[in-house]
Amino acid sequence: MDTEAVRSFVRAAELGQLQHAADELGVTQQAISKRIATLERELEVRLFTRTARGVQLTLDGQAFLSHARSIVAGVDRAVTAVRPGSRALRIDVLGFRTAQAVLLHDYWRSHPETDLDVVTVRVNDPHEVAAAVQAGDLDASFRTVTDPATLPREVQMIRAFDCPLELLVGPRHPLASARTLAPAQLRKLRIWVPGIAPRSEWGEFYDQLATAFDLRIDAAGPNFGNEVLLDALADSADVATLVSARDRYIWPTNYDLRRIPIANPTLAYPLSLMFPRTNPHPGLRAIINHFATLTPVPEPAWLPSWARHHAAAPTTSRTAGTQ
């Protein structure tokens, strides 16, 4: 069924004049007449009778009108659901306590008119997420494909911001009283980071970090979530973990956990943003510009190899962005 013919029928019925419906829909009266005639042939009923004042619904037309309105409303909702700028900006984050989600929440608090749909895609391989962006299932994702040559051509990736890392320890840990730490002081520590998955960007990050600073990063055991990790830190005198300075962690007061900045150099985790190369959601521009105003990580800073040669891009264009 031609939905524009149904729309023409609805407006003619509501306005009582074919010409008025044509004016509103931006077509000729003849086009409206043809659409309605085609619709009547398809339904095998008369929808209107002509009068001196215009058109009047037949009994069949009256019966069809409420259903026709539902059809038009459904089509309009469907178009709105997929048209960039008229629907919520759907962004994938690694987790709702990660720096990405925290900064998005900060932005939304300053711009509550922004319609955001923040989701977490439960896959580890960033190429799968890039495919979701390419397919239009996501407007953007805070994931990094560490080899940009393997990105789909339709997907663009920029550096969004960098996050300094901190050591998180319990009160009985030997470094619990330190105010800052240098990476050399982390050698021989058991740094427990459960959940490091094969083919993940964070797996590659921790591999490079451990090699660069001769660190013992332990991913042993299943990942039961942040709460279990925090429990272990509170009870241990020798286990530590690494967290982003912008990650949100909450624990009971009696745990007395300590977040210790790492400096000289700062260990920085780079966050990238993937989005369609052509016609990205217009709501992305303001968010990317907001990231450009964030305080940079303290220098000197260590970054993984894929981030050392790619500067952050502050803006996007309607048709394309800057790699």
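Residues numbered from 1 in each chain as written. Predicted model: local features only at pLDDT ≥ 70, side-chain atom pairs only at ≥ 80, totals over all residues. Heavy atoms only, no water.

Caption draft 1: How the structure looks around the side chain of His-281. Here His-281 lies in the loop between strand E11 (266-276) and helix H9 (284-291). What makes His-281 buried here is its relative accessible area of 7%. A polar contact is formed between the side chain of His-281 and the backbone nitrogen of Gly-283, at a distance of 2.9 Å. (Helix = DSSP H or I, 4+ residues; strand = E, 2+ residues; numbered from the N terminus. Buried < 20%, exposed > 50% of the residue type's maximum accessible area, 1.4 Å probe, protein only. Polar contact = N/O pair within 3.5 Å; in protein donor to acceptor, adjacent residues only side chain to side chain.)

Caption draft 2: Focus on the packing of aromatic side chains. Taken as a whole and judged by the stated rule, the model has 9 aromatic pairs. Between Phe-9 and Phe-48 the ring centres are 5.3 Å apart and the planes differ by 50°, which places this aromatic pair in the tilted class. Taken together, the residues Phe-9 in helix H1 (residues 3-15) and Phe-48 in strand E1 (residues 48-51) connect sequence positions 39 residues apart. As far as burial versus exposure is concerned, Phe-9 and Phe-48 are alike and both buried. With a centroid separation of 5.3 Å and 45° between ring planes, the pair formed by Phe-9 and Phe-64 is classed as tilted. Here Phe-9, found in helix H1, pairs with Phe-64, found in helix H4 (residues 59-82); they are 55 residues apart in sequence, far enough to count as distant. Chaining the aromatic ring pairs together yields one cluster made of Phe-205, Tyr-206, Phe-213, Tyr-269 and Trp-302. (Phe/Tyr/Trp six-rings, centres within 6.5 Å; stacked < 30°, edge-to-face > 60°.)

Caption draft 3: Spatial organisation of the packing of helix H5 (residues 99-110) against H9. Running from N to C, H5 and H9 cross one another at 110°; their axes reach a closest spacing of 11 Å. When the axis of H5 is compared with that of H9, the two are roughly perpendicular. Considering how the two elements wind past one another, H5 and H9 form a crossing that is right-handed. Counting all contacts with H5, which are made through Leu-103, Leu-104 and Tyr-107, the residues of H9 involved are Ala-286, Ile-287, His-290 and Phe-291. Partitioning the contact of H5 with H9 into residue classes produces 6 nonpolar, 1 polar and no charged. (Axes fitted to C-alpha atoms, helices over the stretch in contact; angles between N-to-C directions. Parallel < 35°, antiparallel > 145°, perpendicular 65-115°, else oblique. Left-handed = near helix turned anticlockwise from the far one by under 90°. Contact = heavy atoms within 4.5 Å. Nonpolar A, V, L, I, M, F, W, Y, C, P; charged D, E, K, R; others polar.)

Caption draft 4: Broad picture of unusual backbone geometry. Each neighbour pair has its own omega, and for Asn-264 with Pro-265 the value is 0°, a cis peptide bond. Checked against the element boundaries, Pro-265 lands in the loop between strand E10 (258-261) and E11. With an omega of -5°, the peptide bond running from Glu-299 to Pro-300 counts as cis. Even without being glycine, Arg-199 reaches a positive phi, approximately 70°. On the basis of relative accessible area, Arg-199 is assigned to the exposed category, the value being 65%. Look at Asp-256: it is not a glycine, yet its phi comes out positive at around 55°. For Asp-256, a relative accessible area of 35% translates into the label partly exposed.

Caption draft 5: Quick peek at the nonpolar core. Judged by nonpolar contacts, the single largest core of 50 residues is most densely connected at Phe-142, Phe-161, Leu-167, Leu-186, Leu-209 and Leu-273. Those elements that place two or more of their residues in this core are strand E3 (89-92), H5, strand E6 (155-169), helix H7 (201-213), strand E9 (239-244), E11 and H9. Sorting elements by how many residues they give to this core places E6 first, with 7 residues. Core analysis: the next-biggest nonpolar cluster, separate from the first, contains 19 residues, Val-6, Phe-9, Leu-18 and Leu-39 among them. (Core = buried A, V, L, I, M, F, W, Y, C linked by side-chain atoms within 4.5 Å.)

Caption draft 6: Up close: the pairing of E6. Counting buried positions along E6 gives 15 out of 15 residues, so the element sits mostly inside the fold. Sheet topology places E6 next to E11; 9 bridges connect them, and they run antiparallel. Across the sheet, residue Met-157 finds its bridge partner in E11, namely Met-274. (Pairing = 2+ DSSP bridges.)

Caption draft 7: A look at empty space enclosed by the protein. Inspection of the entire model under this criterion finds 1 cavity of 30 Å³ or more. Counted as a void, the largest cavity has a volume near 30 Å³. Taken together, Trp-192, Pro-194, Pro-222, Asn-223, Phe-224, Gly-225, Val-228 and Leu-229 make up the full set of residues lining the largest cavity. Tallied by class, residues from the lining of the largest cavity come to 6 nonpolar, 2 polar and no charged. (1 Å grid on protein atoms, 1.4 Å probe; cavity = no way out; pocket = protein on both sides within 12 Å on 5 of 7 lines; lining within 4 Å. Points joined across faces, edges and corners; volume = space filled by probe spheres on them.)

Caption draft 8: Molecular detail of the pattern of salt bridges. Tallied over the full model, the rule gives 12 salt bridges. A salt bridge links Asp-125 to Arg-199, with the nearest nitrogen and oxygen atoms 3.9 Å apart. Residue Asp-125 is found in the loop between strand E4 (116-119) and helix H6 (126-135), and its partner Arg-199 is found in the loop between strand E7 (190-192) and H7; the two are separated by 74 residues along the sequence. You can call Asp-125 buried: its relative accessible area is 15%. As a salt-bridge pair, Arg-159 and Asp-162 come within 2.7 Å of each other at their nearest N and O atoms. Taken together, the shared-partner salt bridges in this structure form one network comprising Arg-11, Glu-14, Glu-24 and Arg-69. (Salt bridge = Lys/Arg side-chain N within 4 Å of Asp/Glu carboxyl O.)

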